[in-house]
Amino acid sequence: MPKIDKNIIDRILEVARIEEVIGDVLGSYDHGNRAGLKKCGVRYEALCPFHADKSLGSFVVYPKGNCYKCFSCGAKGGVVDFLMEHEHLSYPDAIRWLGKKYNIDVDNVDVNWTYTPRPAPPPLEMLELPASMVTATYKALANESDNLVNWMKRGICWDNVQRKRLDENLHNYHVGHGKNGHTIFWQIDEFGRVRTGKMMKYKPDGHRDKESSWNFDFIHSVLSRTFHDNDPWPYPHIFNPDKQEARLTFFGMHLLNHFPNAAIKIVESEKTAILMATAYGNHTMDLWMACGGLEMITRERLQPLIDQNRRIILYPDRDGIDKWMAKAEQMHYSRITVDTEPVTKWWKPEDGEKADIADVVVRILNQSERLTNVRDVAEKMPQVKPLLDNLNLEVEDE
Ligand SMILES: [Zn+2]
């Protein structure tokens, strides 16, 4: 048998639950099986399988710690220990046992390996918003009243491929527009459930409008404010305003399963995600997402990506490199890295110290376009001016 890949072991140990493994081996107490696992509050108990146990109480299974302990004979450990002890398996065979249970291929992993998502979505703490809310915000976008979208379409020198991609991306990422001037970035999870929308105002130059009133909000906050606490919430079947804590996800998460082999490239802002996805494309190798801020990067929110064993690359802005690197380390996931190239190698002093990735990329896009203009070529490269003069090239005025 070949050596098992460390990533696979990590992933298996992440998903394997002690109560599920022991429950599988011993069976459940509820089905008239006296030796089976019995739920007692937040923990489980069973007759200890490692000594001649006669009554419940000694052998305890702790889901929170993902471990078990017998207070009589001292047996203790985690999922792998249990299988090695009870089923007399070697360490690699215990991992293979878990791989089989959790549908993770252990020995036939290759570079093109794809993870098949679990068939049924787990229950969501809060209910989802109706998809019709999302589509309703497309309409205003079509009126060309959205500052950010107008700037993206006219303020950047895209080539023809990119121009087409921009339209596709605005649609695929579900960018909407509210009647009070907000650009709306819908947050839709990997199962296609609409969780909320982030509402932000932009200036005509494509930068955030932080001066005007009510320039930032979330759809779910607006919905909960619309009704007083005393009034009954009129739409309990579509949205529960009391359960908001787990609501946020990454912008672009709904595209995850459309790009099964892609590395996930995470930037801070939604605007940058769309810019990068337009300049460089979402394709089989890359998928761009936005986290919405460093504090939004948590193990919980990364879990859908970790479950699929995805490569995760974080792209900090220039002022956040150290913090983002520290954050990547805290995630305890071997396939997460930080790429600072756009804000170091691509960055130029003319971008300014405060330039974010979007500023740098837009400057590059607009500069490369300008160089195709004869006047600019002559200006930037005086040595070719005689050649241009000889060719008698007309310089068009804009
Ligand atoms: Zn025992």
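Located above this text is the structure these notes cover.
Quantities reported herein were computed from a predicted structural model and do not represent experimental measurements.

Draft legend 1. Representation of the coordination of the zinc ion. The zinc ion binds to the protein through Cys 48 (SG), His 51 (ND1), Cys 70 (SG) and Cys 73 (SG); the donor distances cover 2.1 to 2.3 Å. Because the angles between the four donor atoms bound to the zinc ion fall within 103 to 116°, the donor set is best described as tetrahedral. For Cys 48, a relative accessible area of 4% gives the class buried.

Draft legend 2. Local environment of the nonpolar core. Counting residues in each nonpolar core, the largest one holds 56 residues, and the members touching the most others are Tyr 173, Ile 266, Ile 274, Met 289, Leu 302, Leu 305 and Ile 312. Per-element tally for this core: the top contributor is helix α9 (residues 270–279), with six residues. Ile 266 has contacts with Phe 250, Met 289, Cys 291, Leu 302, Leu 305, Ile 312, Ile 313, Leu 314, Tyr 315 and Trp 324, leaving out every residue within four places of it along the chain. Listed in part, the 29 residues of the second largest apolar core include Ile 4, Leu 98, Ile 104 and Val 106.

Draft legend 3. Main features of the packing of helix α6 (residues 147–154) against helix α7 (residues 160–172). Put simply, α6 and α7 touch, their axes get as near as 10 Å, and they point 160° apart. By the angle between their directions, the pair α6 and α7 is classed as roughly antiparallel. The element α6 and its partner α7 pack so that their crossing is right-handed. Between α6 and α7, the contacting residues are Val 149, Met 152 and Lys 153 on the first element and Arg 163, Leu 166, Asp 167 and Leu 170 on the second. Of the residues assigned to the contact of α6 with α7, the class counts are four nonpolar, no polar and three charged.

Draft legend 4. Structural view of the sheet that holds strand β7 (residues 183–188). Reading across the sheet, the four strands line up as β6-β7-β8-β9 and stay open at both edges, with antiparallel pairing between neighbours. Edge strands, defined here as strands with exactly one partner in the open sheet, are β6 (175–177) and β9 (216–218). When strand polarity is set aside, the average angle formed by the axes of neighbouring strands in this sheet is 25°. Its contacts with the sheet place α9 against β6, β7 and β8 (194–200), and it is angled at close to 80° to β7.

Draft legend 5. Inspection of the packing of aromatic side chains at higher detail. Tallied over the full model, the rule gives 11 aromatic pairs. Geometrically, the ring pair formed by Phe 185 and Phe 251 is edge-to-face, given 5.3 Å between the ring centres and 80° between the ring planes. Placement of the pair is Phe 185 in strand β7 and Phe 251 in the loop between α8 (219–226) and β10 (263–267), with a sequence separation of 66 residues. The burial state of Phe 185 is the same as that of Phe 251; both residues are buried. Plain terms: the ring middles of Phe 216 and Phe 218 are 5.5 Å apart, the flat faces sit at 85° to each other, and that makes the pair edge-to-face. Judged by its relative accessible area of 15%, Phe 218 is buried. Cluster of aromatic residues (ring-pair linked, three or more members): Phe 50, Phe 59, Tyr 68 and Phe 82. Looking at Arg 318, its charged tip hangs above the ring of Trp 347, at a distance of 3.4 Å from the centre.

Draft legend 6. Layout of the sheet that holds strand β3 (residues 59–62). Here we have five strands laid out as an open sheet, ordered β1-β2-β3-β4-β5, and antiparallel in their pairing. Because the sheet does not close on itself, it has two edges, and the strands there are β1 (38–40) and β5 (76–77). For β1 and strand β2 (residues 43–46), the ladder comprises three bridges, and the chain directions are antiparallel. Its bridge partner lying in β2, Cys 40 is registered against Arg 43. The sheet contacts of helix α2 (residues 18–26) involve β2, β3 and β4 (67–70), and relative to β3 the element is tilted by about 135°. Here helix α3 (residues 79–86) sits on the sheet in contact with β3, β4 and β5, set at roughly 50° to β4.

The rules behind the values
Residues numbered from 1 in each chain as written. Predicted model: local features only at pLDDT ≥ 70, side-chain atom pairs only at ≥ 80, totals over all residues. Heavy atoms only, no water. Donors = N, O, S within 2.8 Å, 3.2 Å for Na, K, Ca; no water. Tetrahedral: all angles 85-135°; square planar, octahedral: opposite > 155°, others 65-115°. Buried < 20%, exposed > 50% of the residue type's maximum accessible area, 1.4 Å probe, protein only. Core = buried A, V, L, I, M, F, W, Y, C linked by side-chain atoms within 4.5 Å. Helix = DSSP H or I, 4+ residues; strand = E, 2+ residues; numbered from the N terminus. Contact = heavy atoms within 4.5 Å. Axes fitted to C-alpha atoms, helices over the stretch in contact; angles between N-to-C directions. Parallel < 35°, antiparallel > 145°, perpendicular 65-115°, else oblique. Left-handed = near helix turned anticlockwise from the far one by under 90°. Nonpolar A, V, L, I, M, F, W, Y, C, P; charged D, E, K, R; others polar. Pairing = 2+ DSSP bridges. Phe/Tyr/Trp six-rings, centres within 6.5 Å; stacked < 30°, edge-to-face > 60°. Lys NZ or Arg CZ within 6 Å of the ring centre and 35° of its normal.

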